[in-house]
Amino acid sequence: TATRQLPEPQYTVFIRLPFSRNGFVDPPRVDWDASKERYLWKMLSRGNRNTDLDCNAVHLQVSRAFLLQQAAWLYERELSQIQAQMRKVGAASLNTNLSVPPAPAASSIPQSPA
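Rules used in this analysis
- Residues numbered from 1 in each chain as written.
- Predicted model: local features only at pLDDT ≥ 70, side-chain atom pairs only at ≥ 80, totals over all residues.
- Heavy atoms only, no water.
- Axes fitted to C-alpha atoms, helices over the stretch in contact; angles between N-to-C directions.
- Helix = DSSP H or I, 4+ residues; strand = E, 2+ residues; numbered from the N terminus.
- Parallel < 35°, antiparallel > 145°, perpendicular 65-115°, else oblique.
- Left-handed = near helix turned anticlockwise from the far one by under 90°.
- Contact = heavy atoms within 4.5 Å.
- Nonpolar A, V, L, I, M, F, W, Y, C, P; charged D, E, K, R; others polar.
- Patch = residues over 30% accessible without salt bridge, like charges linked within 9 Å, V, L, I, M, F, W, Y side chains within 5 Å.
- Areas by Shrake-Rupley, 256 points an atom, 1.4 Å probe, with all protein chains shown as cover.
- Salt bridge = Lys/Arg side-chain N within 4 Å of Asp/Glu carboxyl O.
- Buried < 20%, exposed > 50% of the residue type's maximum accessible area, 1.4 Å probe, protein only.
- Phe/Tyr/Trp six-rings, centres within 6.5 Å; stacked < 30°, edge-to-face > 60°.

This part takes up the packing of helix H1 (residues 34-45) against helix H2 (residues 53-60). Contact geometry of H1 with H2 gives a least axis separation of 11 Å together with a crossing angle of 165 degrees. What the angle tells us is that H1 and H2 run roughly antiparallel. In the packing of H1 onto H2, the handedness of the crossing is right-handed. Contacts between H1 and H2 involve Lys36, Tyr39 and Met43 from the first element and Asn56, His59 and Leu60 from the second. Per-class residue counts for the contact of H1 with H2 are three nonpolar, two polar and one charged.

On to a nonpolar patch on the surface, then. The grouping of Tyr11, Val13, Ile15, Leu17 and Phe19 at the surface amounts to a nonpolar patch, some 610 Å² of accessible area in total. Tracing the sequence through the fold places Tyr11 in the segment before H1. Given the relative accessible area of 70%, Tyr11 is considered exposed.

A word on the packing of aromatic side chains. All told, the structure shown has two aromatic pairs when counted by the stated rule. Taking the centre distance of 5.3 Å and the plane angle of 70 degrees together, the rings of Trp32 and Phe66 count as edge-to-face. On the criterion of sequence distance, the pair formed by Trp32 in the segment before H1 and Phe66 in helix H3 (residues 64-95) is long-range, its members being 34 residues apart. Pair check on accessibility: Trp32 and Phe66 agree, each one buried. Relative to Tyr75, the ring of Trp41 lies with its centre 5.7 Å away and its plane at 70 degrees, an arrangement referred to as edge-to-face. You can see Trp41 sitting in helix H1 and its partner Tyr75 sitting in helix H3, a full 34 residues away along the chain. Note on Tyr75: relative accessible area 43%, which makes it partly exposed.

That's the geometry; what it means functionally is another story.
Below is the structure:
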């Protein structure tokens, strides 16, 4: 029985420092949940290149930069799942014995007159 391995979780950590950081501005807080992620994936999976990211960002109440980051992460996750399936299929096909027709016996090969 093959066990499905879940990808390692990845985290982005923002550390607030108590001194000036050359004009760096903290990113705005984001309210992101599974329903917003599903909505974004539904929009992306339609394959419509004319999807208005600005409009979707406003609808989801996030910045365009955050939405692009989430879209990239969703695509990356989907691609890694597809690659895992391809590896699984590739390994399965290597383990399968292909049926090769047996070679004809020497007595059944027609001989041409010499």
